[in-house]
Amino acid sequence: MHAYMRPLPLALALLSATPLASAAEFVIANRDSAGMRLALLTAANKTDESHRIVLAEGGLYTITDTLPGSLALPPLRGNITIEGNGAEIRRYSEQAMTLLQIDPAST
C-alpha cells in the first residue's frame with residue numbers, strides 16, 4: 001500500500017458502495033467516506049432486509065460535513081451489522097455533530 005492515497009472520484013466512490021456478495025452486503029474501500037455514507041443510507045432507509053457493511057481493515061474514513069440534523073452518518077434503522085475491522089472514522093470539522101443515531105426499533 002502506498003503511503004499517500006489520492007481521493008477516489010465520486011463515480012468510483014459510488015461503485016464501491018454497491019452490493020458485492022449479495023443484496024445485503026456492502027464492502028467499503030479504504031478512505032471511501034462517500035461510499036460508506038451511501039451504504040449506510042441504503043441499508044438504513046431503502047430496504048427492509050438485513051444488511052452487513054464491511055469497512056476496510058485498518059481503514060480511514062473522514063467526515064468533514066454533516067447531513068441534515070447535524071448527523072455525520074445517516075440514522076440507522078432495521079437489522080444492520082457494521083464490521084469495523086479496526087477502521088477509524090475521523091471528524092475534520094469545527095461543526096458540532098452526532099456520529100451515529102440508532103432507531104430504538106433497530107435490531
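Above this text you will find the structure in question.
Residues numbered from 1 in each chain as written. Predicted model: local features only at pLDDT ≥ 70, side-chain atom pairs only at ≥ 80, totals over all residues. Heavy atoms only, no water.

Peer 1: What should I look at first to understand unusual backbone geometry in this one?
Peer 2: Comment: phi is negative for the bulk of residues other than glycine, and the bulk of peptide bonds are trans. Despite not being glycine, Arg 31 has its phi angle at roughly 70°, a positive value. Mapping Arg 31 onto the fold places it in the loop between strand E1 (25-28) and helix H2 (33-45). For Ser 70, which is not glycine, the phi torsion reads 60° and is therefore positive. Residue classification places Ser 70 among the partly exposed residues on the basis of a relative accessible area of 34%. (Helix = DSSP H or I, 4+ residues; strand = E, 2+ residues; numbered from the N terminus. Buried < 20%, exposed > 50% of the residue type's maximum accessible area, 1.4 Å probe, protein only.)

Peer 1: What exactly am I supposed to notice about the nonpolar core here?
Peer 2: Side chains of a nonpolar character, in soluble globular proteins, are inclined to be buried together. If you look at the biggest cluster of nonpolar residues, it comprises 16 residues, and the most contacted ones within it are Ile 28, Met 36 and Ile 53. Within the residue set of this core, elements represented by two or more residues are E1, H2, strand E2 (51-55) and strand E3 (60-63). By residue number, the principal contributor to this core is H2, which donates four residues. With residues near it in sequence (within four places) discarded, Ile 53 still touches Phe 26, Ile 28, Ala 39, Leu 40, Ala 43, Ile 80, Thr 81, Ile 82 and Glu 83. (Core = buried A, V, L, I, M, F, W, Y, C linked by side-chain atoms within 4.5 Å. Contact = heavy atoms within 4.5 Å.)

Peer 1: Just checking my understanding: could you explain the sheet that holds E2 for this structure?
Peer 2: Ordered by their spatial adjacency, three strands build an open sheet running E1-E2-E4, and the pairing between neighbours is parallel. Each edge of the open sheet is held by one strand with a lone partner, namely E1 and strand E4 (80-83). Put simply, the sheet's adjacent strands are angled 15° from each other on average, direction ignored. Relative to E2, E1 runs parallel, the two being bridged by four bridges. Residue pairing for E2: Ile 28 is matched across the bridge by Leu 55. (Pairing = 2+ DSSP bridges. Axes fitted to C-alpha atoms, helices over the stretch in contact; angles between N-to-C directions.)

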